[in-house]
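# Report on the structure
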Amino acid sequence: MATELLALGDALAVPSVVCLWAAVLLRAPAALRSPQQRGLWLAVATAAAAMTLNLPAVVAHAMRDPAHSHAVGLTRNLIGVLSAGAVLYFVAAATRGRALQIAAWTGTAVWLAALAVLDATAPAHGTHTIPAQGDPVPSTVYWLLLIAAHLIANTVCVALCWRYSGRTESRALAFGLRLFGLGTALAGVFWVAFLAKALFGSTWAMPAMPLTMNLHGLLRAAAILVPTLFTLRGTAADTATAWRLWPLWRDLVQAVPHVALTKPRAGRLLELLWPPVPRNLLVYRKVIETRDAILILGDYVAPGIPELAAAHVTVRGVPEPRRSAAALACVLKEAREAKLAGRSGMPGPAAQWVLPAAMQTPAEGTGLEDEARFLVDVARAYGSPETTAFAP
């Protein structure tokens, strides 16, 4: 069992480091612009650097020369302490604790200096290690100080990630905090095992430690990619909504062209691949322009058409949840044809009654999402056989 755990941990070493660096590079532009994200990004970047120096291939290469093995080991440990300090800075930034931010960087600088002094004053040595037999290299105090830095930072981070993930209303932030907290907890387990080894010579948990550390890397990479994944999901949802709205929007804008902020593209695919407005405003503009066109076409609704449309969709067996959207689609079909035929608009009781009633659900809903959802139902009904068959 121990051999299998060790092999699995070693197999995850390279994927974990690759995922960490990919996440660090992808999130760098946003993180460097945002003080709140900077500490989290730095914590993951320094963890990626430390884990890179701990890759089996890097360690094997360094072990060929005692000077190299010492330099790699010391650098890895110092970067690890810097990562712990960045974790504390992230926690301080998240809680808006200015004093804690200053304490995090001051403590990190003191800890780094203490480790460097302990290493420099220790007897001549090679790689930093805690052997199964004999004293830790370079010293027990060095390792206890190193382990303490990680355990303090990890404990504080896990506690506050758990606390604030339950308070935030942002699903992306809550999910990211939980992933980061879980990864940090695994790193804490890793250092607890090293503490047991340094103090009591306990090695029973060591075969699982590479797996624990590499899972920690994967979870931290996932944590900082959560905003990117939520953005991609939102972009995909917006693209799907714009795609479904396009046929209705196109027909209405043809009848009422002045509602469009920009000239429509030649086709639906081109509209999505090369939107005439910023991509994050694409659905917003489609919804606003469609709604404006609907309100203008209300002047071209002949008396009695709303009642006929409602009766028509009922007779055609349209289910109740979709009946309002289907009735509005039938009304819009007739109003559009009247507008294109050059008939004069006739504001009156019919127009004032049907369109506000049909649009009541999105207008009194929670905002753009509800309105877009309703208009997607109208667009779906607009191209259906029930609407095509409506001929009052």
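Whatever comes next refers back to the structure up there.
Throughout this description, residue numbers start from 1 for each chain and increase along the sequence as written. With pLDDT at 70 or above as the cut-off, local features in this predicted model cover only qualifying residues; side-chain atom pairs require 80 or more to be listed or tallied, and sums for whole chains, interfaces and linings still use all residues. Heavy atoms throughout the structure, all of them, feed into the side-chain values; hydrogens and water do not.

### Let's talk about the packing of helix α6 (residues 98-121) against helix α7 (residues 140-165)
We apply this condition: Axes here refer to lines fitted to C-alpha atoms; in helices the fit is confined to the stretch in contact. Angles between the N-to-C directions go from 0 to 180 degrees. Runs of H or I in DSSP of at least four residues are treated as helices and runs of E of at least two as strands, each being numbered from the N terminus. We call two directions roughly parallel when the angle between them is under 35 degrees, roughly antiparallel when it is over 145, roughly perpendicular when it lies between 65 and 115, and oblique otherwise. Handedness of a crossing follows from how the near helix is turned relative to the far one, being left-handed for an anticlockwise turn of less than a right angle and right-handed for a clockwise one. The contact rule is simple, with two residues in contact once any of their heavy atoms fall within 4.5 Å.
Where α6 contacts α7, the two axes come as close as 9 Å, and the packing angle between them is 160°. Compared by their axis directions, α6 and α7 come out roughly antiparallel. Of the two elements, α6 crosses α7, and the hand of that crossing is left-handed. In this structure, α6 uses Trp111, Ala114, Leu115, Leu118 and Asp119 to contact α7, whose residues at the interface are Val141, Tyr142, Leu145, Leu146, Ala148, Ala149 and Ile152.

### Describing the side chain of Arg285
In this fold, Arg285 is placed in helix α11 (residues 282-297). Beyond its immediate stretch of four places on either side in the chain, Arg285 contacts Val259, Leu261 and Val277.

### Focus: unusual backbone geometry
Residue Pro138 is bonded to the preceding Val137 through a cis peptide linkage, with omega at 10°. With respect to the element layout, Pro138 can be found in the loop between α6 and α7.

### With respect to the state of the cysteines
Operational definition: When the sulfur atoms of two cysteines come within 2.5 Å, that pair is taken as a disulfide. Note on exposure labels: buried denotes an accessible area under 20% of the residue type's maximum, exposed denotes more than 50%, and partly exposed covers the range between, all computed with a 1.4 Å probe on protein chains only.
For the structure on display, the rule yields 0 disulfides. With no disulfide of its own, Cys19 has Cys157 as its nearest cysteine by sulfur position, at a separation of 20 Å. Since its relative accessible area comes to 33%, Cys19 is described here as partly exposed. Free of any disulfide, Cys157 has its nearest cysteine sulfur in Cys161, 3.8 Å distant.

### As for helix α13 (residues 320-340)
Heads up, the rule is: The span you would expect from a helix comes to 1.5 Å times its residue count less one.
With 21 residues, α13 should cover 30 Å at 1.5 Å per step; its first-to-last C-alpha distance of 31 Å lies within 8% of that length. Residue Gly342 follows α13 closely and has a positive phi angle near 85°.

Note that every value here comes from positions in space, so none of it alone points to a role or purpose.
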